[in-house]
Amino acid sequence: MLSLSKLADIPIRLHREIPDDAILKQVTLKKEPTGEWFATFGVEVDREPPKKPDRPKNTVGIDVGILKYAHDTDGHAVESIDLSDERDRLECEQRKLSRKERGSNNYEKQRRRVAECHADLKRKRRDFLHKLSNYYAREYDLVAVEDLDAKGLVELGGNSRNRAGAAWGTFLRMLEYKCDREGTHFVAVDPAGTTKECAACGVSTDKPLWVREHSCPSCGFTTDRDWNAAWNILSRGIKQVGAGRSESTPVETALPTGTYSVPAKRVLEAGIPTLKREPSGER
Ligand SMILES: [Zn+2]
């Protein structure tokens, strides 16, 4: 129950528990276009976040992919969440809205339906990003990603670029605060050349977007394009944190074992991508 003095007692549904020792600082009420009301609580807790380890042992680099949502150095290729049904429904409801007479009762009803579709789409995407970021923040001591501002999303066109950029930004923000909460290093590295550079020997080779394989002309190291990038991101992350292991590149200590394809559905249902599975053998 939310009691607002001079206003009302309002029954509410908590999406997350408020800790007992939290001091309530402010409440923000917001009405969504769907007609639902949301109350956001700003609280303060007198608690130190867990200390981040000086020498992180369990480290991961994540590359945001185009074909797959995220590709990490442990060989997970997490597939993008498929929201095409939700998007089709939204477009359909929007078309219906455009045929209604503005200001009429039916228009208002339809406008609300469109807003519900929007909210549904947003909720599903956020749910996916929350579960994925939870997984990385909890499972590892150090998480390295590419800095979004510098990340060349130019490889993608128009709508998909905006969508990928927005989702990536949300994912990074979630990942950052969750890492702080879990005592995990979060490092955003300079993404320049992460796909071109060889994770094994460091030599750069130009690579057009359609070349999905990294095959180094200098040392012969061959692996998946995104996987190679993920390792470069991790190496830069470890160096940036100054976490001792920078002397040897990670590839020397852990050679590729294969790629595990992780469907978005698994992330949503189990909360985490499965770790220990037989390599799919596709590479
Ligand atoms: Zn090489």
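Now for a description of the structure that goes with this document. (Residues numbered from 1 in each chain as written. Predicted model: local features only at pLDDT ≥ 70, side-chain atom pairs only at ≥ 80, totals over all residues. Heavy atoms only, no water.)

**Brief notes about a negative patch on the surface**
A surface patch of like charges, here negative, comprises Asp82, Asp85, Asp88 and Glu91. Here Asp85 shows up in helix α1 (residues 84-99). (Patch = residues over 30% accessible without salt bridge, like charges linked within 9 Å, V, L, I, M, F, W, Y side chains within 5 Å. Areas by Shrake-Rupley, 256 points an atom, 1.4 Å probe, with all protein chains shown as cover. Salt bridge = Lys/Arg side-chain N within 4 Å of Asp/Glu carboxyl O. Lys, Arg positive; Asp, Glu negative; His and termini not counted. Charge placed at Lys NZ, Arg CZ, Asp CG, Glu CD. Helix = DSSP H or I, 4+ residues; strand = E, 2+ residues; numbered from the N terminus.)

**Quick look at the coordination of the zinc ion**
Only Cys198 (SG), Cys201 (SG), Cys216 (SG) and Cys219 (SG) from the protein coordinate the zinc ion, and they sit 2.2 to 2.3 Å from it. With 4 donor atoms in place around the zinc ion and angles of 107 to 112 degrees between them, the coordination shape is tetrahedral. As a motif over one chain, the donors of the zinc ion read C-x2-C-x14-C-x2-C. (Donors = N, O, S within 2.8 Å, 3.2 Å for Na, K, Ca; no water. Tetrahedral: all angles 85-135°; square planar, octahedral: opposite > 155°, others 65-115°.)

**A closer look at the pairing of strand β5 (residues 59-64)**
The element β5 is largely enclosed, with a buried count of 6 among its 6 residues. Along β5, one buried face is formed by Thr59, Gly61 and Asp63 and the opposite face, lined by Val60, Ile62 and Val64, is buried too. Sheet topology places β5 next to strand β8 (residues 142-146); 3 bridges connect them, and they run parallel. Across the sheet, Val60 pairs through a bridge with Val143, a residue of β8. In this structure, β5 lies alongside strand β6 (residues 70-72), joined through 3 bridges in antiparallel fashion. Paired with Asp63 across the bridge in β6 is His71. (Buried < 20%, exposed > 50% of the residue type's maximum accessible area, 1.4 Å probe, protein only. Pairing = 2+ DSSP bridges.)

**With respect to the packing of α1 against helix α2 (residues 105-139)**
For the pair α1 and α2, the least separation of the axes is 9 Å and the interaxial angle reads 165 degrees. By the angle between their axes, α1 is roughly antiparallel relative to α2. Along this stretch, α1 crosses α2, giving a crossing that reads as left-handed. Touching Glu86, Arg87, Arg89, Leu90, Glu93, Gln94, Lys96 and Leu97 of α1 are Tyr107, Gln110, Arg111, Arg113, Val114, Cys117, His118, Asp120, Leu121, Lys124 and Arg125, all from α2. Class assignment of the residues belonging to the contact of α1 with α2 gives a composition of 6 nonpolar, 3 polar and 10 charged. (Axes fitted to C-alpha atoms, helices over the stretch in contact; angles between N-to-C directions. Parallel < 35°, antiparallel > 145°, perpendicular 65-115°, else oblique. Left-handed = near helix turned anticlockwise from the far one by under 90°. Contact = heavy atoms within 4.5 Å. Nonpolar A, V, L, I, M, F, W, Y, C, P; charged D, E, K, R; others polar.)

**Quick look at the pattern of salt bridges**
Applying the stated criterion across every chain yields a total of 14 salt bridges. Where Lys52 meets Asp180, a salt bridge forms, and the shortest distance between an N and an O atom there is 2.6 Å. With Lys52 in the loop between β4 (37-44) and β5 and Asp180 in helix α3 (residues 158-182), the pair connects residues that are 128 residues apart, well separated along the chain. Looking at Lys52, the relative accessible area reads 26%, which means it is partly exposed. The partner of Lys196 in a salt bridge is Asp206, with the nearest N and O atoms 3.2 Å apart. Here the residue Lys196 occupies a position in the loop between β9 (185-189) and β10 (213-215), and Asp206 occupies one in the loop between β9 and β10, the gap between them amounting to 10 residues.

**A word on the environment of Gly242**
Within the secondary structure, Gly242 is located in the loop between α4 (225-241) and α5 (250-253). Residue class for Gly242 comes out exposed when judged on its relative accessible area of 55%. The sequence separation of Gly242 and Arg55 amounts to 187 residues, and the corresponding C-alpha distance is 8.7 Å.

Shape descriptors only; they carry no functional weight alone.
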